[in-house]
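If you want the building blocks of each chain, they are given just below.
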Amino acid sequence: MTTAQIPELDVQPSPLALLLLGREADPRSERGVECPGDLPSPSDPDLVARARAAKEKLGDKVFVLGHHYQRDEVIQFADVTGDSFKLARDAAARPEAEYIVFCGVHFMAESADILTSDDQKVVLPDLAAGCSMADMATAEQVAECWDVLTEAGIAEQVVPVSYMNSSADIKAFTGRHGGTICTSSNAQRALEWAFEQGEKVLFLPDQHLGRNTAVRDMGMSLEDCVVYNPHKPNGGLTADQLRDAKMILWRGHCSVHGRFSLDSVNDVRARIPDVNVLVHPECRHEVVAAADHVGSTEYIIKALEAAPAGSKWAIGTELNLVRRLANRFAPEGKEIVFLDKTVCFCSTMNRIDLPHLVWTLESLAEGNLVNRIEVDKETERFAKLALERMLALP
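Keep in mind that what you see is a predicted model, and the values were worked out from it rather than measured.

Q: Can you walk me through the pairing of strand 12 (residues 312-316) in this structure?
A: Look at any regular strand and the pattern is simple: side chains alternate between the two faces of the sheet. Within strand 12, four of the five residues are buried, which leaves it mostly tucked inside the rest of the structure. As paired elements, strand 10 (residues 276-279) and strand 12 share four bridges and run parallel to each other. Directly across from Val 279, in strand 12, lies its bridge partner Gly 316. Pairing analysis gives four bridges linking strand 12 to strand 13 (residues 335-338), with the strands arranged parallel. Bridge pairing in strand 13 links Ile 315 to Phe 338. Each parallel crossover has a hand, and the one from strand 12 via helix 15 (residues 319-329) to strand 13 is right-handed.

Okay, structure coming up:
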């Protein structure tokens, strides 16, 4: 058949194909939103000076939050650093700051907007900085899951517990249904509280944190846990499986921490004698079980601060933080390496780069409010209720 004989096909790419190609946005997702305006060139040698000048011009009107996973070029301009919940509370403690610039990802900025006053404006330097884990649970999917639990006759026994790494919609769902939010630091306390309220827990959206907390920290068995897959009918579970389970884990995970494997642990132990393996509880269960120490980002930092000189550590968390800690503690003779041989940054967190930060600060200094993150009042009310339950935990 010649070229002239080949029929011309009217093939239209699907919305999913366009999304994967980066040519369209998913309105139901936190990601895929372009920032307005022109960014400065990433090769501009004056970026650091421009950021300093804009921040100085804004003075007390701006408060810059930097998550631990941010790159060094951004973190140098943060007024405070920390994990997502600590930063949101730090923002609420600065009512005089008109602008809260959150160098993190979308759900973190949402939490800051929920906890700050109506007069404060939360800004995300790049609106495409989402979170793959938070995107794995949409409001529609979770509502459908609750219908499945209702049909199985167990909804009244279930208390939702949602990880901080979730959208405002999921936090609001949790608040509406009598549940609480947790962080990786207080997940056990949150689960203990939840089991005082009901017989079962729906844990959203990170299955690994839920499983590790229930099994490793609270003595449950793996058989007590089932995984609800939102992409399968009835979550891929029978009514009997749901009735028998104590922990109903949402099928979500962290794209960074999910990469670490048991092979990673075994390999680093073979390469570095006497190494201490320290991992985040978002890692897979077999990785957590094989590690020497397990804890949140803040726990990891404090453990390394307290570690003796000359000790060796392999850290299973985001690479920007691991590299920063390795440089920080090298003068003390502490050897700190990344757990996996493969370089693994949080790709969405790394969307917040120096050009985006400079553009944001300069826009605000010129009186132009850009990239504001604003949670609607109804969602905010119930999400705040869930957060307040967490704050009231003993």
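Q: What is the right way to look at the packing of aromatic side chains in this model?
A: Any aromatic ring pair is given by two values, namely how distant the centres are and how the planes are angled relative to each other. Within this structure, the stated rule accounts for three aromatic pairs. Where Tyr 228 meets Trp 250, the ring centres are 5.3 Å apart and the plane angle is 25 degrees; that geometry is what we call stacked. With Tyr 228 in strand 8 (residues 225-228) and Trp 250 in strand 9 (residues 247-250), this residue pair connects regions lying 22 residues apart in the sequence. On the numbers, 5.4 Å between centres and 65 degrees between planes, the contact of Phe 260 with Phe 338 is edge-to-face. Of this pair, Phe 260 sits in the loop between strand 9 and helix 12 (262-271) while Phe 338 sits in strand 13, placing them 78 residues apart in sequence. Its relative accessible area of 13% is what places Phe 338 among the buried residues.

Q: In this structure, what is going on with helix 5 (residues 106-115)? I would like to understand it.
A: Side chains of residues three or four places apart in an α-helix project in the same direction, reflecting 3.6 residues per turn. Within helix 5, 10 of the 10 residues are buried, which leaves it mostly tucked inside the rest of the structure. Listed in full, the buried residues belonging to helix 5 are His 106, Phe 107, Met 108, Ala 109, Glu 110, Ser 111, Ala 112, Asp 113, Ile 114 and Leu 115.

Q: Explanation requested: the packing of helix 4 (residues 84-92) against helix 5 in the structure shown.
A: Running from N to C, helix 4 and helix 5 cross one another at 35 degrees; their axes reach a closest spacing of 8 Å. Like other packed secondary-structure pairs, helix 4 and helix 5 cross with a definite hand, here right-handed. Between helix 4, through Ser 84, Phe 85, Ala 88, Arg 89 and Ala 92, and helix 5, the contact on the second element is made entirely by Phe 107, Met 108, Ser 111, Ala 112 and Leu 115. Here the residues of the contact of helix 4 with helix 5 are counted per class, giving seven nonpolar, two polar and one charged.

Q: Would you take a moment to explain the side chain of His 280 for this structure?
A: In this structure, His 280 sits in the loop between strand 10 and helix 13 (285-290). A relative accessible area of 2% places His 280 in the buried class. Apart from residues lying up to four places away in sequence, His 280 is in contact with Tyr 69, Tyr 163, Ser 184, His 257, Val 288, Val 294, Gly 295, Ser 296, Thr 297, Ile 300, Gly 316 and Thr 317.

Q: Sorry if this is basic, but what is going on with the environment of Gln 120 here?
A: Along the polypeptide, Gln 120 turns up in the loop between helix 5 and strand 4 (121-123). By relative accessible area, Gln 120 is classed as buried at 1%. For the pair formed by Gln 120 and Gly 104, sequence separation is 16 residues and the distance between their alpha carbons is 18 Å. Among residues more than four places away in sequence, those in contact with Gln 120 are Ala 91, Arg 94, Pro 95, Ala 97, Glu 98, Ile 100 and Arg 372. One polar contact links the side chain of Gln 120 to the main-chain carbonyl oxygen of Arg 94, over a distance of 2.7 Å.

Q: For this particular structure, what's the right way to read the environment of Thr 348?
A: Locating Thr 348 in the fold gives a position in the loop between strand 13 and helix 16 (354-365). In sequence terms Thr 348 and Asp 376 are 28 residues apart; their C-alpha atoms lie 24 Å from each other.

Q: Sorry, what's going on with the packing of helix 9 (residues 187-197) against helix 10 (residues 207-217) here?
A: The geometry of a pair of packed helices is captured by two quantities: the angle between their axes and the separation between those axes. In the contact formed by helix 9 and helix 10, the axes pass within 10 Å of each other and the chain directions differ by 80 degrees. Between helix 9 and helix 10, the angle is such that the two are roughly perpendicular. Across from Ala 187, Gln 188 and Leu 191 in helix 9, the residues of helix 10 making contact are Leu 209, Gly 210, Thr 213, Ala 214 and Asp 217. Looking at the contact of helix 9 with helix 10, its residues break down into four nonpolar, three polar and one charged.

Q: Would you take a moment to explain the sheet that holds strand 11 (residues 293-294) for this structure?
A: Pairing between sheet strands relies on hydrogen bonds along the backbone, with the strands arranged either parallel or antiparallel. Taken together, the four strands give an open sheet; going across it, the order is 11-10-12-13, and neighbouring strands pair in parallel fashion. Each end of this open sheet is capped by a strand with a single partner; those strands are strand 11 and strand 13.

Q: Honestly, the sheet that holds strand 8 in this entry has me stumped. Any pointers?
A: In spatial order, the strands read 6-5-7-9-8; together these five strands make up an open sheet with parallel pairing. Each edge of the sheet is formed by a strand with only one pairing partner; in this case those strands are strand 6 (180-182) and strand 8. Sheet twist, expressed as the average angle between the axes of neighbouring strands with direction ignored, equals 25 degrees. Note: strand 7 (residues 200-204) against strand 9, three bridges, orientation parallel. Residue pairing for strand 9: Phe 203 is matched across the bridge by Leu 249. Across the sheet, helix 8 (residues 168-176) lies against strand 5 (158-163), strand 6 and strand 7, angled at about 150 degrees from strand 5, the strand it touches most.

Q: Looking at this structure, I do not really get unusual backbone geometry. What am I missing?
A: A cis amide bond, omega -20 degrees, links Leu 204 with the succeeding residue Pro 205. Checked against the element boundaries, Pro 205 lands in the loop between strand 7 and helix 10. Despite not being glycine, Asp 274 shows a phi value in the positive range, around 65 degrees. Looking at where Asp 274 falls in the secondary structure, it is placed in the loop between helix 12 and strand 10.

Q: Before we go on, may I ask you to explain the pattern of salt bridges in this structure?
A: Side chains that differ in sign of charge can pair as their charged atoms come close. Applying the stated criterion across every chain yields a total of 21 salt bridges. Residues participating in the shared-partner salt-bridge network are Asp 44, Arg 50 and Glu 362.

Criteria and cut-off values
Residues numbered from 1 in each chain as written. Predicted model: local features only at pLDDT ≥ 70, side-chain atom pairs only at ≥ 80, totals over all residues. Heavy atoms only, no water. Buried < 20%, exposed > 50% of the residue type's maximum accessible area, 1.4 Å probe, protein only. Helix = DSSP H or I, 4+ residues; strand = E, 2+ residues; numbered from the N terminus. Pairing = 2+ DSSP bridges. Right-handed = clockwise from strand over helix to strand, strands pointing away. Phe/Tyr/Trp six-rings, centres within 6.5 Å; stacked < 30°, edge-to-face > 60°. Axes fitted to C-alpha atoms, helices over the stretch in contact; angles between N-to-C directions. Left-handed = near helix turned anticlockwise from the far one by under 90°. Contact = heavy atoms within 4.5 Å. Nonpolar A, V, L, I, M, F, W, Y, C, P; charged D, E, K, R; others polar. Polar contact = N/O pair within 3.5 Å; in protein donor to acceptor, adjacent residues only side chain to side chain. Parallel < 35°, antiparallel > 145°, perpendicular 65-115°, else oblique. Salt bridge = Lys/Arg side-chain N within 4 Å of Asp/Glu carboxyl O.

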